[in-house]
There are 4 protein chains.
Amino acid sequence: MSENWYPSKWGSEDEVGALNLISTSKIIEAAHLVSKGKIYNLAQILEDGIPSPPFHGQFLYFTFRRHALDLKSPGKQNNAGGMNIRLEMADHTGTHIDSLNHVSIGERVYNGVVAEEIMGTFGTTKLGIEKTPPIFTRGILLDVALNKGVPILEPGYSVSSEELKDCLRTGNLKLEEGDAVLVHTGWARHWMTDNEKFLGPVPGIDLSAAEWLADQGAAIVGADTWNVEVDPSVDLRGADAVHQHLLTKNGIRLIENLSLEELARDRVSEFLFVCLPLRLKGGSGSPITPIAVT
Amino acid sequence: MSENWYPSKWGSEDEVGALNLISTSKIIEAAHLVSKGKIYNLAQILEDGIPSPPFHGQFLYFTFRRHALDLKSPGKQNNAGGMNIRLEMADHTGTHIDSLNHVSIGERVYNGVVAEEIMGTFGTTKLGIEKTPPIFTRGILLDVALNKGVPILEPGYSVSSEELKDCLRTGNLKLEEGDAVLVHTGWARHWMTDNEKFLGPVPGIDLSAAEWLADQGAAIVGADTWNVEVDPSVDLRGADAVHQHLLTKNGIRLIENLSLEELARDRVSEFLFVCLPLRLKGGSGSPITPIAVT
Amino acid sequence: MSENWYPSKWGSEDEVGALNLISTSKIIEAAHLVSKGKIYNLAQILEDGIPSPPFHGQFLYFTFRRHALDLKSPGKQNNAGGMNIRLEMADHTGTHIDSLNHVSIGERVYNGVVAEEIMGTFGTTKLGIEKTPPIFTRGILLDVALNKGVPILEPGYSVSSEELKDCLRTGNLKLEEGDAVLVHTGWARHWMTDNEKFLGPVPGIDLSAAEWLADQGAAIVGADTWNVEVDPSVDLRGADAVHQHLLTKNGIRLIENLSLEELARDRVSEFLFVCLPLRLKGGSGSPITPIAVT
Amino acid sequence: MSENWYPSKWGSEDEVGALNLISTSKIIEAAHLVSKGKIYNLAQILEDGIPSPPFHGQFLYFTFRRHALDLKSPGKQNNAGGMNIRLEMADHTGTHIDSLNHVSIGERVYNGVVAEEIMGTFGTTKLGIEKTPPIFTRGILLDVALNKGVPILEPGYSVSSEELKDCLRTGNLKLEEGDAVLVHTGWARHWMTDNEKFLGPVPGIDLSAAEWLADQGAAIVGADTWNVEVDPSVDLRGADAVHQHLLTKNGIRLIENLSLEELARDRVSEFLFVCLPLRLKGGSGSPITPIAVT
């Protein structure tokens, strides 16, 4: 793709991006992939001390109301106590999805929109995560760790388009338009066991892989690292190049910090993928609990 | 059910509750309800000024990082700017699900667990929302407003078991074990148009309805109000009686603040229902974006 | 003052504003006003449910750690338990002071600085509250309510320069350069007794009063309302005119939501005034606990 | 002091603690220490990335409203724009004071109060920081670093009562009842230059010093470390022993993370000390901006 990356192929007003590739027939086909009734939870648990890049700030939460105290409230009826929790967090907390307003190329985000023109007190007036439709499509797992014969790829290991194609061949799989493509690197094994390592240099896809995935019509790209893309990048075109190519130029949302170990262990490579972002008006992402159903 | 409401029918260690009723075959059948490929988003938008009961505290969020400022960060590469959002909120924000630790009968929550014994700094050590499996089952819409021939039920209007049965008959529907039952009252029309009214007295199901729903094997009960149950209650057994019967005694999670207008408008009464709570360790609920798929 | 309100009289780089008027000899004189050793606490208590204008968002706080749970921490020694509190709040919470970056005339704040040029992720790079020196000076109470013979001034009651001068005459007082001027309206009696009223239309000084106070060399102007200035303004020059004249044009910081009842009851009109804002880098204000010492 | 540490010497209902030692004549004398009109700001700046022990959670803050956006608000008058900041923080943030409810000996805090009996959703119903009177008294600086001839004491360096007495002798000073005693270790030089070191093992007073300070009638004890007391403790009586002796048994509040370098540089050893905690109802401490005035 040349520098003429906007307007998008879905028009200059589009806010849906590559999720436009998920047709009603795609949804129906995806639903019919369910044959065992088994659900895989692909989200990490949100708990005290989870990895948080400084850009987003710490994930903090606390017990707010407690039954024992609530029961003593004035006017309390029927012996009913309640509890709840307060949260202080970024929209990019834990397993999360990036919205189309999240990453810019210079001053412009997806569809060439100038970020400052849509920026407000409560996120952006366009391209916020509330514009992301519920995601319900075919998912495929590209198990690069398995393909390499290792439990975890090395920090900074770069996954190319050729390696992704090789994973497909090995798995006798085909990437189809509108798919959610999940890349297994094994990196989630560092989650909460070595958070400093988890947030450090990571294996991930390089720009060739991003270009190929966009060309094939991937609707979503996710991985079990904090960045999806390799970091640090050896590619001369630099950091965030994959985010910029997928998210900014092609409207392909990224999903980060996935938990893919169970799926990999069961050698599940094709499934119904469902991901339901919170409808945070103007938000640049959302914590999620995506699932694979077989 | 007598006062011998614990241990639960799924054993004294159970934390899954009525979601145990969703079998693998139920999941498969639910998936195969998808025939049109149409997705209904049942979540309200999370935005500045949404209704928040004082018990939970205000929903607040703000732009944190902005592209224009991020681009000026030291060491910035590749002209990539980013933005994000910070959130301050309760786990019961907007459209949300209640976890089995949320409401007590005296000192005890679901399965007779003594709340103070599991209460910690970060929610509870048992029955937290992270123990709630992803919900993927058959959903049915009981349209009480339609049945009454009104767009919105009156504040304090009490929906009995008989009225729910009548809705089923009218719709030629059957409630099956493991279903998610969504009750349409029309109340969501007050959301963000009259928030004071929205948070005031509400129509909702009464204790007879709750008892009948539990007896039929409902796995989930949701509504388009902040309380699901009628408030104020005319039932002598008092406030929160429905919460206590469904959630505390029977392990049936409640979903509140649903957006059901589109579903009601299209007269959709049976669908695949998917709801994927955030895995907040020890949490008493989660904001969600549930969907109906037809 | 004409529209040539910048640069400030203390130079184009000044960030201290009218606090420049507090000389070392003024500090010494103020200290020597202390003859009884009596301290008046002029701050409202920060508690659940205090008035918060929507512009600032709710004041929320919660118990975070508790002794009983902390005592069970792994590795706990010496039977020492601890507790603490988490806060979610605006820098303009409760009794607070406004910093010189808080209010603009169009795009410019104090000293003609263009707000967007200093605006960052963490407040502003100039004129933040951390640049406000500790305030230690002579304070005087102008008791307008007493002067009118009422406990509380009416909503929207406008206090002119003439009325302020009359209060001085009645009290046999003189306003001196570098003074902190506190205006008693009685409005604090609505704090936590009628919060809706408290946040509604308020009595306060008008533009003539602001002009006169600036001309006399007031270093600080405070009141027992949320706005110091009358609201709604009957002055044709409109809302926030007092803020703009004092804060933006003259570098005179405003203190809002003071508790002045005890001072007024004791007819204390001259005192050592101390106010010590939190050093929040880039902040536009700070919650404070100012005192009067006699 | 034996284990009979409660009720307090000021009665079983006392919530003021050692601040009872500051009489009106003490206040007058302290005010009259002011002879130069010079104010020392003893607070660290609150900014992104300041040291935060995990027990308290991160200090986070962000620009919320901005003038440029506010000017576009509907109904905006008079070209007045405003900005503000939102804060997420513990009450023990930056330079702060500990309240009498903060640290327990087993289940009991100051005056033998059982912590759980006063613990609520919003801190405690007794001994909260709102009960701490404004602090206005004589302050003295004990410069242990100077006494040792080093810029910074070593991590884990233990300051005994003998060493404190030696500092007094060297400075030709006397500790008087009701004084605020500030201990200079030089440790603040690590603040924001090496935060990991700052939060690690620290120099500080040991139990002998705490006992002596309490016996002499100190009203406040502060230092330029996060803990005041030496950590790790070599004393067999273990961690937090100094907190327990001063705060819990004797009602002497601790001030942590002071900035004392300027005071030490100028060899100022006696001054008016003013500290004005926020009146956070039930809070266990408060961020503060204490000052020394000479």
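Reading the values: rules and limits
- Residues numbered from 1 in each chain as written.
- Chains lettered and ligands numbered in written order.
- Predicted model: local features only at pLDDT ≥ 70, side-chain atom pairs only at ≥ 80, totals over all residues.
- Heavy atoms only, no water.
- Least-squares fit on C-alpha atoms with pLDDT ≥ 70 in both.
- Pairing = 2+ DSSP bridges.
- Helix = DSSP H or I, 4+ residues; strand = E, 2+ residues; numbered from the N terminus.
- Axes fitted to C-alpha atoms, helices over the stretch in contact; angles between N-to-C directions.
- Disulfide = S-S within 2.5 Å.
- Buried < 20%, exposed > 50% of the residue type's maximum accessible area, 1.4 Å probe, protein only.
- Salt bridge = Lys/Arg side-chain N within 4 Å of Asp/Glu carboxyl O.
- Contact = heavy atoms within 4.5 Å.
- Parallel < 35°, antiparallel > 145°, perpendicular 65-115°, else oblique.
- Nonpolar A, V, L, I, M, F, W, Y, C, P; charged D, E, K, R; others polar.
- Buried area = accessible area lost by both parts, 1.4 Å probe.
- Polar contact = N/O pair within 3.5 Å; in protein donor to acceptor, adjacent residues only side chain to side chain.
- Patch = residues over 30% accessible without salt bridge, like charges linked within 9 Å, V, L, I, M, F, W, Y side chains within 5 Å.
- Areas by Shrake-Rupley, 256 points an atom, 1.4 Å probe, with all protein chains shown as cover.
- Lys, Arg positive; Asp, Glu negative; His and termini not counted.
- Charge placed at Lys NZ, Arg CZ, Asp CG, Glu CD.
- Arc of directions from axis to C-beta.
- Phe/Tyr/Trp six-rings, centres within 6.5 Å; stacked < 30°, edge-to-face > 60°.
- Lys NZ or Arg CZ within 6 Å of the ring centre and 35° of its normal.

Q: Give me the relation of the copies chain C and chain B: which residues, what numbers.
A: Between the two copies, chain C and chain B, the superposition gives an RMSD of 0.0 Å; the rotation angle is 180 degrees and the shift along the axis is 0.0 Å. Taken together, the turn and the small shift mark the pair as related by a two-fold rotation axis. No C-alpha of chain C lies nearer the rotation axis than that of Gln58 of chain C, which sits 3.3 Å from it.

Q: Let's hear about the sheet that holds strand β14 (residues 253-256) of chain B: which residues, and what values?
A: All names here are of chain B. On the basis of which strands lie adjacent, the open sheet formed by nine strands has the order β1-β17-β15-β9-β11-β13-β14-β5-β16 and mixed pairing. Taken across any chain shown, the strands that pair with only one partner, and hence form the sheet edges, are β1 (39-41) and β16 (285-287). Neighbouring strand axes in the sheet, compared pairwise and without regard to direction, differ in orientation by 25 degrees on average.

Q: Kindly report on the state of the cysteines, identifying the contributing residues and their values.
A: In this structure the tally under the stated criterion is zero disulfides over all chains. With no disulfide of its own, Cys275 of chain B lies 13 Å from the sulfur of Cys275 of chain A, the closest cysteine sulfur. Relative accessible area serves as the criterion here: at 0%, Cys275 of chain B is assigned to the buried category.

Q: Residue-level account of the sheet that holds strand β14 (residues 253-256) of chain C, with values.
A: All names here are of chain C. An order of β1-β17-β15-β9-β11-β13-β14-β5-β16 is seen for the nine strands of this open sheet, with the pairing classed as mixed. The two strands at the open ends of the sheet, each matched to only one other strand, are β1 (39-41) and β16 (285-287). Taking each pair of neighbouring strands and ignoring which way they run, the sheet shows an average axis angle of 25 degrees.

Q: Hey, could you go over the pattern of salt bridges for me, with residue numbers and the actual values?
A: Following the criterion strictly, the structure yields 65 salt bridges over all chains and no others. Between Glu88 of chain D and Arg86 of chain B there is a salt bridge, and its shortest N-O distance comes to 2.8 Å. Of this pair, Glu88 of chain D sits in strand β4 (residues 85-90) while Arg86 of chain B sits in strand β4 (residues 85-90), each in a different chain. Residue Glu88 of chain D is classed as buried on the basis of its relative accessible area, which comes to 0%.

Q: Tell me about the relation of the copies chain B and chain A, residues and numbers included.
A: One chain copy maps onto the other through a rotation about an axis and a shift parallel to that axis. Superposing chain B onto chain A takes a rotation of 180 degrees combined with a translation of 0.0 Å along the rotation axis, leaving an RMSD of 0.0 Å. In this assembly, 100% of the residues forming the interface of chain B have copies in chain A that are likewise at the interface, indicating an isologous arrangement.

Q: How would you summarise the packing of helix α5 (residues 161-170) of chain D against helix α7 (residues 207-216) of chain D if you had to cite specific residues and measurements?
A: All names here are of chain D. Where α5 contacts α7, the axes come no closer than 7 Å and their chain directions differ by 55 degrees. Here α5 lies oblique to α7, going by the angle between them. Taken together, the residues of α7 that come into contact with α5 (itself represented by Ser161, Leu164, Lys165 and Leu168) are Ser208, Ala209, Trp212 and Leu213. Of the residues that constitute the contact of α5 with α7, the class distribution is five nonpolar, two polar and one charged.

Q: Tell me what's going on with the interface of chain C and chain B, and back it up with residues and numbers.
A: Opposite the 13 residues of chain C that make contact, chain B presents 13 residues. Of the roughly 1,100 Å² buried between chain C and chain B on both sides combined, carbon and sulfur atoms contribute 53%. Scanning the region where chain C abuts chain B turns up one residue pair in polar contact (both at pLDDT 80 or more). Here the side of chain C that touches chain B is built from residues that sort into five nonpolar, four polar and four charged.

Q: So what's going on with the interface of chain B and chain A? Residues and values would help.
A: If you look at the interface, chain B gives 90 residues, while chain A gives 90 residues. Our enumeration of links across chain B and chain A arrives at four salt bridges. Ionic pairing is found between Lys281 of chain B and Glu47 of chain A, a salt bridge with its closest N-O pair at 3.2 Å. Broken down by element, the residue count for the side of chain B that touches chain A peaks at six residues, all from β4 of chain B. A breakdown of the residues in the side of chain B that touches chain A according to their chemical character gives 42 nonpolar, 32 polar and 16 charged.

Q: Tell me what's going on with the pairing of strand β15 (residues 270-275) of chain A, and back it up with residues and numbers.
A: Residue and element names in this part refer to chain A. By the criterion of burial, β15 is predominantly enclosed, with five of the six residues buried. As paired elements, strand β9 (residues 135-143) and β15 share six bridges and run antiparallel to each other. Paired with Thr137 across the bridge in β15 is Phe273. Sheet analysis places β15 next to strand β17 (residues 291-293), joined by three bridges and oriented antiparallel. From the neighbouring strand, Phe273 faces β17, where its bridge partner is Ala292.

Q: Lay out a negative patch on the surface with the relevant residues and their values.
A: Residues Asp194 and Glu196 of chain A together with Asp194 and Glu196 of chain D make up a contiguous surface patch of negative charge. Structurally, Asp194 of chain D can be placed in the loop between β11 (180-184) and α6 (195-199). Asp194 of chain D gets classed as partly exposed once you look at its relative accessible area, which sits at 33%.

Q: Lay out helix α1 (residues 24-31) of chain C with the relevant residues and their values.
A: Restricting attention to buried positions, one finds in α1 of chain C the residues Lys26, Ile27, Ala30 and Ala31 of chain C. Down the axis of α1 of chain C, the buried side of the element spans an arc of 135 degrees, and every buried residue falls inside it.

Q: Tell me what's going on with the packing of aromatic side chains, and back it up with residues and numbers.
A: Two aromatic rings, taken as a pair, are described by how far apart their centres are and by the angle between their planes. Tallied over the entire structure, the rule returns 26 aromatic pairs over all chains. A centroid spacing of 4.7 Å and a plane angle of 70 degrees characterise the contact between Phe64 of chain A and Phe62 of chain C, whose relative ring orientation is edge-to-face. In this pair, Phe64 of chain A sits in the loop between β2 (60-63) and α2 (67-70) while Phe62 of chain C sits in strand β2 (residues 60-63), so the two residues belong to two different chains. The same class applies to Phe64 of chain A and to Phe62 of chain C, which are both buried. Ring centres of Phe122 of chain B and Phe64 of chain C lie 5.9 Å apart, and the angle between their planes is 75 degrees; this geometry places the pair in the edge-to-face category. Of the two residues, Phe122 of chain B is situated in the loop between β7 (119-120) and β8 (123-124) and Phe64 of chain C in the loop between β2 and α2 (67-70); the pairing between them involves two chains. Each of the two residues, Phe122 of chain B as well as Phe64 of chain C, counts as buried. Members of the aromatic cluster, joined through ring pairs, are Phe59, Tyr61, Phe62 and Phe64 of chain A, Phe122 of chain B, Phe59, Tyr61, Phe62 and Phe64 of chain C together with Phe122 of chain D. Lying across the ring of Tyr40 of chain B, Lys38 of chain B places its NZ or CZ 4.7 Å from the centre.

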